[in-house]
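# Architecture at a glance
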Amino acid sequence: GNYALTLVDAIDTLAILGNATELSKAIDFASSTLSFERSKPVSVFETTIRVLGGLLSAHVIAEGKVEGYDGQLLAKAEDL
């Protein structure tokens, strides 16, 4: 498995809990490391709720609340 996808699934939890330090680290890691350039069958449902949902909800929460955040999570969601 890819632990980066587990991070994406939980990144909105960091945002909701208000853990700005860990959220900032997670955003940096996801924006620099996460790649969807694999040709592999995936569950559309799981990908939608876990990956797309995690990216979009964390983006909404991080926008305006995390110093230096400039939409990296939204860019990853668009890439997906």
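Check the entry above for the structure.
In what follows, the accompanying structure is described. (Residues numbered from 1 in each chain as written. Predicted model: local features only at pLDDT ≥ 70, side-chain atom pairs only at ≥ 80, totals over all residues. Heavy atoms only, no water.)

## Regarding the overall build of the protein chain
Tallying secondary structure elements over the protein chain gives four helices and zero strands in all. Its C-alpha atoms give the protein chain a radius of gyration of 12 Å, near enough to 12 Å, the size a compact globule of 80 residues would have. For the protein chain, the spread of C-alpha atoms along the principal axes amounts to about 35 × 20 × 20 Å. Across the protein chain, every contact between residues at least 6 apart in sequence was considered, and the portion connecting residues at least 24 apart equals 65%. Per element, the accessible surface of the protein chain, about 5,200 Å² overall, is 55% carbon and sulfur. Side chains of the protein chain give 6 positive and 11 negative charges; the mean places of these two sets differ by 7 Å. (Helix = DSSP H or I, 4+ residues; strand = E, 2+ residues; numbered from the N terminus. Rg over C-alpha atoms; globule rule 2.2 N^0.38 Å. Contact = heavy atoms within 4.5 Å. Areas by Shrake-Rupley, 256 points an atom, 1.4 Å probe, with all protein chains shown as cover. Lys, Arg positive; Asp, Glu negative; His and termini not counted. Charge placed at Lys NZ, Arg CZ, Asp CG, Glu CD.)

## Considerations on helix 4 (residues 72–79)
Listed in full, the buried residues belonging to helix 4 are Gln72, Leu73, Lys76 and Ala77. The arc that holds every buried residue of helix 4, seen down its axis, measures 145 degrees, which confines them to one face. (Buried < 20%, exposed > 50% of the residue type's maximum accessible area, 1.4 Å probe, protein only. Arc of directions from axis to C-beta.)

## As for the nonpolar core
Ile11, Leu23, Ile27, Leu55, Val66, Tyr69 and Leu73 are the most contacted members of the largest nonpolar core, which totals 18 residues. Counting only elements with at least two residues in this core, the list comes to helix 1 (3–17), helix 2 (20–33), helix 3 (44–62) and helix 4. No other element matches the five residues that helix 1 contributes to this core. (Core = buried A, V, L, I, M, F, W, Y, C linked by side-chain atoms within 4.5 Å.)

## As for the environment of Ala4
Relative to the helices and strands, Ala4 resides in helix 1. Using a relative accessible area of 7% as the deciding quantity, one classes Ala4 as buried. As a C-alpha pair, Ala4 and Val51 span 47 residues in sequence and 10.0 Å in three-dimensional space. If we ignore the near neighbours within four places in the chain, the residues touching Ala4 are Phe29 and Leu34.

## A look at the packing of helix 2 against helix 4
In contact at an axis separation of 9 Å, helix 2 and helix 4 are set at 35 degrees when each is read in the N-to-C sense. For the pair helix 2 and helix 4, the crossing hand works out as left-handed. Counted together, Ile27, Ala30 and Ser31 of helix 2 and Gln72, Leu73 and Lys76 of helix 4 form the full contact between these two elements. Residues that form the contact of helix 2 with helix 4 fall into these classes: three nonpolar, two polar and one charged. (Axes fitted to C-alpha atoms, helices over the stretch in contact; angles between N-to-C directions. Left-handed = near helix turned anticlockwise from the far one by under 90°. Nonpolar A, V, L, I, M, F, W, Y, C, P; charged D, E, K, R; others polar.)

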